[in-house]
Amino acid sequence: DVSSPKHGKVDPENMPHVGGNMWAGGTGGRDTAGLGGKGGPYRLDAGHRVYQVSQAEKDAVPEEVKRAAREMGEKAFKRRLKEIQMSEYDASTYERFSGAVRRQVQSLRIILDNLQ
């Protein structure tokens, strides 16, 4: 079961973590920032293969935990914007322009990676 969202511990060796309730950047777990899990406050990609929990499990997360996770994610987002000296308006404008060229940028990254 999920209890309360948290960032989680950072693994100094960046080992892949699947499931559980401890590591930031893990996959398929609960309560911590990561990918493919349930009840975490925000997405955090540590570069590992993603294991996804079922949509039924995600839907079963209590509303108070979802609300707490959204609030924690929003606070982290605002803190990050402040760190990079960007307003919420700037962020939405950036996202609008970035979204329009996202596929082309991804294609260019693939080409450049192959050239290296």
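Going by the structure above, here's the rest.
Everything quoted here is computed from the prediction, not taken from an experiment. (Residues numbered from 1 in each chain as written. Predicted model: local features only at pLDDT ≥ 70, side-chain atom pairs only at ≥ 80, totals over all residues. Heavy atoms only, no water.)

(A) Region of the structure containing a nonpolar patch on the surface. A surface patch of nonpolar side chains, amounting to about 420 Å² of accessible area, comprises L108, I111, L112 and L115. Along the chain, L108 falls in helix 3 (residues 88–115). (Patch = residues over 30% accessible without salt bridge, like charges linked within 9 Å, V, L, I, M, F, W, Y side chains within 5 Å. Areas by Shrake-Rupley, 256 points an atom, 1.4 Å probe, with all protein chains shown as cover. Salt bridge = Lys/Arg side-chain N within 4 Å of Asp/Glu carboxyl O. Helix = DSSP H or I, 4+ residues; strand = E, 2+ residues; numbered from the N terminus.)

(B) Quick peek at the environment of K9. Note on placement: K9 falls in the segment before strand 1 (26–27). Those residues in contact with K9 that lie beyond four places of it in its chain are M22, W23 and A24. (Contact = heavy atoms within 4.5 Å.)

(C) Layout of the side chain of T27. For T27, the location among the structural elements is in strand 1. Judged by its relative accessible area of 3%, T27 falls in the buried class. Only 3.3 Å separates the side chain of T27 from the backbone nitrogen of Y51, close enough to count as a polar contact. In this structure, T27 is in contact with H17, V18, G19, L35, R49, V50 and Y51, ignoring residues within four places of it in sequence. (Buried < 20%, exposed > 50% of the residue type's maximum accessible area, 1.4 Å probe, protein only. Polar contact = N/O pair within 3.5 Å; in protein donor to acceptor, adjacent residues only side chain to side chain.)

(D) Highlighting the packing of aromatic side chains. The final tally for this structure, using the stated rule, is zero aromatic pairs. The ring of F97 is capped by R96, whose NZ or CZ atom sits 4.8 Å from the centre of that ring. (Phe/Tyr/Trp six-rings, centres within 6.5 Å; stacked < 30°, edge-to-face > 60°. Lys NZ or Arg CZ within 6 Å of the ring centre and 35° of its normal.)

(E) Focus on helix 2 (residues 63–83). Taking 1.5 Å per residue, 21 residues should reach 30 Å; helix 2 reaches 30 Å between its end C-alpha atoms and fits that length. Residues V65, A69, G73, A76 and L81 constitute the buried set of helix 2. Seen end-on, helix 2 carries its buried residues on one side only, within an arc spanning 140°. Opposite the buried face of helix 2, at more than 90 degrees from it, the exposed residues are E64, K75, R79 and K82. Where helix 2 is buried, its residues contact helix 3. (Expected span 1.5 Å × (residues − 1). Arc of directions from axis to C-beta.)

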